[in-house]
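Commentary on secondary and tertiary structure
This is what each chain is made of:
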Amino acid sequence: MLEKIKSLREKAIQELEASADSNSLEEWKRTYLGKKGFVTQLLRQIGSLPPEERPKAGEAANLLRDELTQLYEEKASAIKEAERLQAAKAQAIDVTLPGRRPQIGALHPVTQTLREIIEIFSRMGFGVYEGPEVEWDEYNFGLLNIPPEHPARDMWDTLYIAPPYGKDGNMLLRTHTSPDQIRVMELTKPPIRVVVPGRCYRHEATDASHEWMFYQVEGLAVDKGITMAHLKGVLTTFVREMFGKERKVRFRCDYFPFVEPGADMAMDCIVCGGKGCRVCKFTGWLEILGAGMVHPQVLRNVGIDPNIYTGFAFGMGVERIAMLKHKIDDIRYFYANDLRFLKQFRA
Ligand SMILES: [Zn+2]
C-alpha cells in the first residue's frame, strides 16, 4: 500500500508540474483530489486493509492529500498571477512605438497663390472686395459698356440662370470679376483702390489652359490724376514681387470694352529668360494679364465724372499665375482632386 501511495505521489507531482494553465490545473485537481479522484479513492481503501497496516497507510494517505492540496494551491496562485500579467501585457500601450501622424490639410495651390497676389497689392494700399458669383446681366455686361447685341459679348461664353430665377435671361454666373468694379464704384466714392478676387464661370470646352470655373483677381484704382504711368508702375511692381526682381515687362495694345486704351501685359519667360522655349511658345514672353484705363462711359454709368476722375483697371487669372509660378502645364490638375498633385503644394 505504501508503495502504491509513493508511486501515486510521484505521478501526481509530475503531472501537476506539467499543467501550464488554469484549465489543465483544474483537470488535474479533479483527477487526484476530486470526489472520484485517485487520492479520495485511496483514502476509502484504508478501511479495508488489515488492522495492523491501517495506521501507517492512513497517515501516509492523509499526508499525501495535504501535500497535494498545498501544491495545488501554490500552483493555482502562480498560474493566476501569470495569466493576469499576460492579460495586462495584451492591453498595454507601448509608449516607445512611433505615434500615428494625424492627417493635416493644407491650403489649395490656387488659394495660396490668390493670397500671395492679394498680399502684394495690399502692400501697395489696395483693399479687398468680394461680390456675388450669381450676377445680373446689367452688372456683368451692361454697365461695363457691353450692351445687349454688342459683338464683344461673344468674347465670354456665358452660363445663364434659367427661370424662374431672373427674368428673360437677365441673371447669370459671372464670366469675370469685372462686375465687382461696378459694385465698388457704386458703394464708395473716389479715391478707390481695391482688388476683387473670386470664382468666374464660362461655358468652355475644357483643355490644358481652359476650365469652366476659374479664379480671377481684378484691380481698380480711381482718383484725380490717375494715368497710364500709375498702371504700369503698379503692375510692374506686382510682377517683380511675384516672379522676381529681374523680370522685364511688356505692354501691348489690346481691346476690352470697359477700358480705353486697353493693354495686355507680358513678362519675359521665367523658363528661358526670353530666348524662346516650349513654355513661352518660342516667343520669349508670357502673357500675365489684361489692363487699361477705365472707359469714361463706365465711370459715367456709376455717377463718377470722367472730367474730374480717371482710373485704371486690370484682371488676371489666378490659375495662370499659379501655373507659371509652379511650372504646371495643365489647368485641369487644380480641380481634379488628385491628392498626388495637391500634396506637392503643402506649405
Ligand atoms: Zn520661354
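Before any of the text, the structure's been laid out above.
Presented here is an overview of the structure given in this document. (Residues numbered from 1 in each chain as written. Predicted model: local features only at pLDDT ≥ 70, side-chain atom pairs only at ≥ 80, totals over all residues. Heavy atoms only, no water.)

Enumeration over the complete set of coordinates arrives at 14 aromatic pairs. A centroid spacing of 5.0 Å and a plane angle of 25 degrees characterise the contact between Phe121 and Phe314, whose relative ring orientation is stacked. In this pair, Phe121 sits in helix 5 (residues 109-123) while Phe314 sits in strand 9 (residues 310-317), placing the two residues 193 residues apart along the sequence. Residue classification places Phe121 among the buried positions, given a relative accessible area of 0%. Phe314 sits in the buried class, given a relative accessible area of 2%. Each ring, one from Phe334 and one from Phe341, has its centre 5.8 Å from the other, and the planes form 80 degrees; the classification is edge-to-face. Overall, Phe334 belongs to the buried group, its relative accessible area being 1%. Through pairs of rings, three or more aromatic residues link up here, namely Phe121, Phe126, Phe238, Phe312 and Phe314. Lying over the aromatic face of Tyr139, Arg183 brings its terminal NZ or CZ to 4.4 Å of the ring centre. In this arrangement the basic side chain of Lys325 is found over the ring face of Phe243, its NZ or CZ atom lying 5.9 Å from the centre. (Phe/Tyr/Trp six-rings, centres within 6.5 Å; stacked < 30°, edge-to-face > 60°. Helix = DSSP H or I, 4+ residues; strand = E, 2+ residues; numbered from the N terminus. Buried < 20%, exposed > 50% of the residue type's maximum accessible area, 1.4 Å probe, protein only. Lys NZ or Arg CZ within 6 Å of the ring centre and 35° of its normal.)

Our next topic: the coordination of the zinc ion. Protein-derived ligands of the zinc ion are Cys269 (SG), Cys272 (SG), Cys277 (SG) and Cys280 (SG), with the metal-ligand distances lying across 2.2 to 2.3 Å. Relative to the metal, the 4 donor atoms surrounding the zinc ion lie at angles of 104 to 116 degrees, and the coordination shape comes out tetrahedral. Mapping the donors of the zinc ion onto the primary sequence gives the spacing C-x2-C-x4-C-x2-C. Of this pair, Cys269 sits in the loop between strand 7 (259-268) and strand 8 (285-294) while Cys280 is found in the loop between strand 7 and strand 8, placing the two residues 11 residues apart along the sequence. On the basis of relative accessible area, Cys269 is assigned to the buried category, the value being 0%. (Donors = N, O, S within 2.8 Å, 3.2 Å for Na, K, Ca; no water. Tetrahedral: all angles 85-135°; square planar, octahedral: opposite > 155°, others 65-115°.)

In this structure, Ile117, Phe121, Phe312, Phe314 and Met316 are the most contacted members of the largest nonpolar core, which totals 44 residues. Looking at this core, the elements that each hand over two or more residues are helix 5, strand 5 (213-223), helix 8 (228-243), strand 7, strand 8, strand 9, helix 10 (318-326) and helix 11 (339-342). When sequence neighbours within four positions are dropped, the list of residues in contact with Phe314 reads Phe121, Gln181, Val195, Val217, Glu218, Gly219, Leu235, Leu289, Gly290 and Ala291. In this structure, Tyr139, Val196, Val222 and Phe258 belong to the second largest nonpolar core, which totals 25 residues. (Core = buried A, V, L, I, M, F, W, Y, C linked by side-chain atoms within 4.5 Å. Contact = heavy atoms within 4.5 Å.)

Attention now goes to unusual backbone geometry. Put simply, Pro190 and Pro191 share a cis peptide bond, and its omega is 5 degrees. Here Pro191 lies in the loop between helix 7 (179-187) and strand 4 (192-201). If you check the backbone angles, Asn145 has positive phi at about 75 degrees while not being a glycine. Tracing the backbone through its elements, the reader meets Asn145 in the loop between helix 6 (137-140) and strand 3 (171-173). Positive phi, normally seen in glycine, also occurs at Lys281, with a value near 50 degrees. Tracing the chain through its elements places Lys281 in the loop between strand 7 and strand 8. Classification of Lys281 by relative accessible area gives exposed; the value is 68%.

With that settled, consider the side chain of Arg174. Along the polypeptide, Arg174 turns up in the loop between strand 3 and helix 7. For Arg174, a relative accessible area of 1% corresponds to the buried category. At a separation of 3.2 Å, a polar atom in the side chain of Arg174 contacts the main-chain carbonyl oxygen of Pro132. Beyond its immediate chain neighbours, meaning those up to four positions away, Arg174 contacts Gly131, Pro132, Glu133, Glu135, Asn140, Pro179, Asp180, Pro197, Gly198, Arg199, Cys200 and Tyr201. (Polar contact = N/O pair within 3.5 Å; in protein donor to acceptor, adjacent residues only side chain to side chain.)

Applying the stated criterion to the full structure yields 17 salt bridges. Taking the shortest distance from any N to any O, the salt bridge between Arg65 and Asp66 comes out at 3.7 Å. Classification of Asp66 as partly exposed rests on a relative accessible area of 44%. Between Glu135 and Arg183 there is a salt bridge, with the nearest N and O atoms lying 2.7 Å from each other. On the criterion of sequence distance, the pair formed by Glu135 in strand 2 (residues 134-136) and Arg183 in helix 7 is long-range, its members being 48 residues apart. The pair formed by Glu135 and Arg183 is uniform in burial state, with each residue classed as buried. (Salt bridge = Lys/Arg side-chain N within 4 Å of Asp/Glu carboxyl O.)

Turning next to helix 2 (residues 22-33). Since the α-helix advances by 3.6 residues per turn, residues separated by three or four positions end up pointing in the same direction. Counted at 1.5 Å a residue, the expected span for helix 2 with its 12 residues is 16 Å, and the 15 Å between its end C-alpha atoms agrees. Here helix 2 has its buried residues at Leu25, Trp28 and Tyr32. The buried residues of helix 2 all sit within an arc of 55 degrees when viewed along its axis, so they share a single face. Exposed positions of helix 2 whose direction lies more than 90 degrees from the buried face are Asn23 and Arg30. Looking at the buried positions of helix 2, the neighbouring elements they touch are helix 1 (2-18), helix 3 (38-46) and helix 4 (54-91). (Expected span 1.5 Å × (residues − 1). Arc of directions from axis to C-beta.)

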